[in-house]
Amino acid sequence: MCTKWNTYKDKEYFSTERLKYQIQFYNNLFKNFNIDKNTTAVEIGAGHGISTEIFVNIFDEYIAVEPNKILYDKLLELKNNKYNNMITINSNFENITIEKVNLLIFTNSFQFIDFNTCLTKVNELLLTNGFLLILLPFIPFEFEHFDNKIEWRKQINNVLKSIISNENYELL
């Protein structure tokens, strides 16, 4: 596992004002798809909880998944200090085992998953007519595990095309 993420735990959380704006933005997005607070949502790649704070304020039941132990510990601390409606799981996407849910959210983590197992795992985790939200970073990461960034882009495009054409769930 990449250890570069260990220092990410020191990244600051959103200010109150920015958090409020983000919550309003996503509430408006979800309202357009009839996704409400009763929806069970799962965040893949929660890190230490920067984006988690947005979504845990929107949904009554929220599951945050993070594979990196150092970031997971910070996420657990956030949960214990602020959010009793959050469940945390220390796992990678490929090995997560939960009941099917209505909404699956990748927060700046989609580009790191195993594309070969992606579609199978998404189908395994999402209810029929569920929703998939993929948030990608504005600034591209350096990818240690891909020597050829063009090849990586082709792979992610192919996976996204397959996701878009899937009729079992909707891409937000």
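Refer to the structure printed above.
Here goes a summary of the coordinates provided. Source: prediction; values computed, not measured.

Before going further, it helps to spend a moment on the overall build of the protein. For the protein, the helix and strand inventory stands at five helices and six strands. Counting contacts in the protein only where the partners sit at least 6 residues apart, residues at least 24 apart contribute 73% of the total. By element, 48% of the accessible surface of the protein is carried by carbon and sulfur atoms, the whole surface being about 9900 Å².

Turning our attention to unusual backbone geometry. Although it is not a glycine, asparagine 34 adopts a positive phi angle of roughly 55°. As for its position among the elements, asparagine 34 is in the loop between helix H1 (16-32) and strand E1 (40-44). A positive phi angle, close to 65°, is found at asparagine 129, a residue other than glycine. Tracing the backbone through its elements, the reader meets asparagine 129 in strand E5 (residues 126-135).

As a further point, take the sheet that holds strand E2 (residues 61-65). A sheet is described by the order of its strands in space; here six strands give the open sequence E3-E2-E1-E4-E5-E6, paired in parallel fashion. Strands at the two margins of the open sheet, each flanked by one partner only, are strand E3 (86-89) and strand E6 (169-171). The mean inter-strand angle of the sheet, taken between neighbouring strand axes irrespective of direction, is 20°. Here E5 runs beside E6; their pairing, made up of three bridges, is parallel. Within E6, the position partnered with leucine 132 by the bridge is leucine 171. Running over the sheet, helix H3 (residues 69-82) touches E2 and E3 and is turned about 165° from E3.

The rules behind each value
Residues numbered from 1 in each chain as written. Predicted model: local features only at pLDDT ≥ 70, side-chain atom pairs only at ≥ 80, totals over all residues. Heavy atoms only, no water. Helix = DSSP H or I, 4+ residues; strand = E, 2+ residues; numbered from the N terminus. Contact = heavy atoms within 4.5 Å. Areas by Shrake-Rupley, 256 points an atom, 1.4 Å probe, with all protein chains shown as cover. Pairing = 2+ DSSP bridges. Axes fitted to C-alpha atoms, helices over the stretch in contact; angles between N-to-C directions.

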